[in-house]
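Understanding the architecture of this molecule
Each chain, letter by letter, is given below.
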Amino acid sequence: MPSSSMIGTPMTPPDRPKRPALRRLAFSIAIFAPIGAVAGYVIGRKLKAAVPGGVPFTWTMAEVMSLVIALILIFSGAVAAFAATSDRRWNRIVEHQAADEPVDPAARTSGVRQALVCILAGGMMIAPAIAAHIPLSIETRLAIAVAIGLLLAIQTWFNLKLWRDGDELTRAVIAQTGALCFWMLELVLFGWAALAKLMLVPDIDSWTMFTLLMGVYLIVSVVVAQRRGLVPDR
């Protein structure tokens, strides 16, 4: 799934009033959460109407949140990809500098790869959640699984390129984000698993755990990248 380097490329923070990147992430979630909920509801209604006799369609909270996260990833990737089509747009949207400033080709190439990583990650998160509620044949489900596997291989290749071509700062951000996510989630998941084994709390399914991982990852990666200077505070 997404590499922590997808957050942005190294840039010089602008000399103007700043707003924490974490606040921007919260703002994005506030926008996309209701969009994801409405999208899930509309899709469910359409599926019920399309299948004779109707089909049980109940979205879990994890599925709704995974849809929200997927929309954030796709939107972020689409914005970065759009910005890369023009030097002026790249400077304004990504680098946050004067439109006539020269663009570093390596930075823009990295940005395009990051955009593709985001879009692929969002698509791979949406597909299983929706397919799980559609009465599909085993052949169709296998085809979807194979397609996801191929997309995952492509995304992994892009992530490896981002790591190999990245500078020391970019690699440090990736390593620090991965370490923080591992330790934080290890503590949370172990605590919950222990309580579940003692039958003090309900057990959770794998998709819920994955959604939790991606949610924590997004927040941690933004905070780490901001502190390292990869995300402008504005």
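Computed from a predicted model, the values in this text were never measured in an experiment.

What to know about the overall build of the protein
Across its full length, the protein carries 7 helices and 0 strands. For the protein, the N- to C-terminal ordering of α and β elements is α-α-α-α-α-α-α. Counting the 234 residues in the protein, one finds 36% classified as buried. Relative to all contacts within the protein whose residues are 6 or more apart in sequence, the contacts with residues 24 or more apart total 78%. Accessible surface for the protein amounts to roughly 13300 Å². Of this, 69% is attributable to carbon and sulfur atoms.

Observations concerning unusual backbone geometry
The phi dihedral of Met199 is positive, around 60°, even though this residue is not glycine. Residue position: Met199 is located in the loop between helix H6 (168–197) and helix H7 (206–228). Take Met199: its relative accessible area is 74%, and that puts it in the exposed class.

Quick word on the confidence of the model for the protein
Mean pLDDT over the protein: 78, with 73% of residues reaching 70 or higher. Predicted confidence in the protein is weakest over helix H1 (residues 21–50), with a mean pLDDT of 58, and strongest over helix H5 (residues 138–165), with 92. Low pLDDT (under 50) marks residues 4–21, which in the prediction has 55 contacts with non-local residues, meaning those over four places away or in another chain.

Some details on the environment of Thr60
In this fold, Thr60 is placed in the loop between H1 and helix H2 (61–83). By relative accessible area, Thr60 is classed as partly exposed at 40%. For the pair Thr60 and Ala129, spaced 69 residues apart in sequence, the C-alpha separation works out to 9.7 Å.

Side note on H5
Working note: α-helix, 3.6 residues per turn, so residues spaced by three or four point in the same direction. For H5, which comprises 28 residues, the first-to-last C-alpha distance of 40 Å matches the rise-based estimate of 40 Å (1.5 Å per residue) to within 8%. Among all positions in H5, only Gln155, Phe158, Asn159 and Leu162 are buried. Packed against the buried residues of H5 are helix H4 (105–131).

Remarks on a nonpolar patch on the surface
Together, Leu195, Leu198 and Leu200 line one region of the surface with nonpolar side chains, adding up to about 300 Å² of accessible area. In this fold, Leu198 is placed in the loop between H6 and H7.

So, the packing of H2 against H4
At a closest axis distance of 7 Å, the pairing of H2 and H4 adopts a crossing angle of 155°. In terms of orientation, H2 and H4 fall into the roughly antiparallel class. The element H2 and its partner H4 pack so that their crossing is left-handed. Between H2, through Glu63, Ser66, Leu67, Ile69, Ala70, Leu73, Ile74, Gly77, Ala78, Ala80 and Ala81, and H4, the contact on the second element is made entirely by Gly111, Ala115, Cys118, Ile119, Ala121, Gly122, Gly123, Met125, Ile126 and Ala129.

A few points about the packing of aromatic side chains
Here a ring pair, both rings aromatic, is described through the centre-centre distance and the interplanar angle of the planes. Tallying each qualifying case throughout the model produces 3 aromatic pairs. Aromatic pair Phe182 and Trp183: ring centres 5.0 Å apart, planes at 75°, arrangement edge-to-face. Ring plane angle 45° and centroid distance 5.3 Å describe the contact between Trp207 and Phe210, whose orientation is recorded as tilted. Of this pair, Trp207 and Phe210 both sit in helix H7, separated by 3 residues, roughly a single helical turn.

Some details on the packing of H6 against H7
Following both chains from N to C, one finds H6 and H7 inclined at 140°, their axes separated by 9 Å at the closest point. Of the possible angle classes, the one that applies to H6 and H7 is oblique. Considering the relative orientation of H6 and H7, their crossing is right-handed. Taking contact as the criterion, the partners of Leu169, Ala172, Val173, Gln176, Thr177, Leu180, Cys181, Met184, Leu185, Val188 and Leu189 in H6 are, on H7, Met209, Leu212, Leu213, Val216, Tyr217, Val220, Ser221, Val224, Ala225 and Arg228. When the residues that make up the contact of H6 with H7 are grouped by side-chain class, the tally is 17 nonpolar, 3 polar and 1 charged.

Calculation criteria
Residues numbered from 1 in each chain as written. Predicted model: local features only at pLDDT ≥ 70, side-chain atom pairs only at ≥ 80, totals over all residues. Heavy atoms only, no water. Helix = DSSP H or I, 4+ residues; strand = E, 2+ residues; numbered from the N terminus. Buried < 20%, exposed > 50% of the residue type's maximum accessible area, 1.4 Å probe, protein only. Contact = heavy atoms within 4.5 Å. Areas by Shrake-Rupley, 256 points an atom, 1.4 Å probe, with all protein chains shown as cover. pLDDT = per-residue confidence, 0-100. Expected span 1.5 Å × (residues − 1). Patch = residues over 30% accessible without salt bridge, like charges linked within 9 Å, V, L, I, M, F, W, Y side chains within 5 Å. Salt bridge = Lys/Arg side-chain N within 4 Å of Asp/Glu carboxyl O. Axes fitted to C-alpha atoms, helices over the stretch in contact; angles between N-to-C directions. Parallel < 35°, antiparallel > 145°, perpendicular 65-115°, else oblique. Left-handed = near helix turned anticlockwise from the far one by under 90°. Phe/Tyr/Trp six-rings, centres within 6.5 Å; stacked < 30°, edge-to-face > 60°. Nonpolar A, V, L, I, M, F, W, Y, C, P; charged D, E, K, R; others polar.

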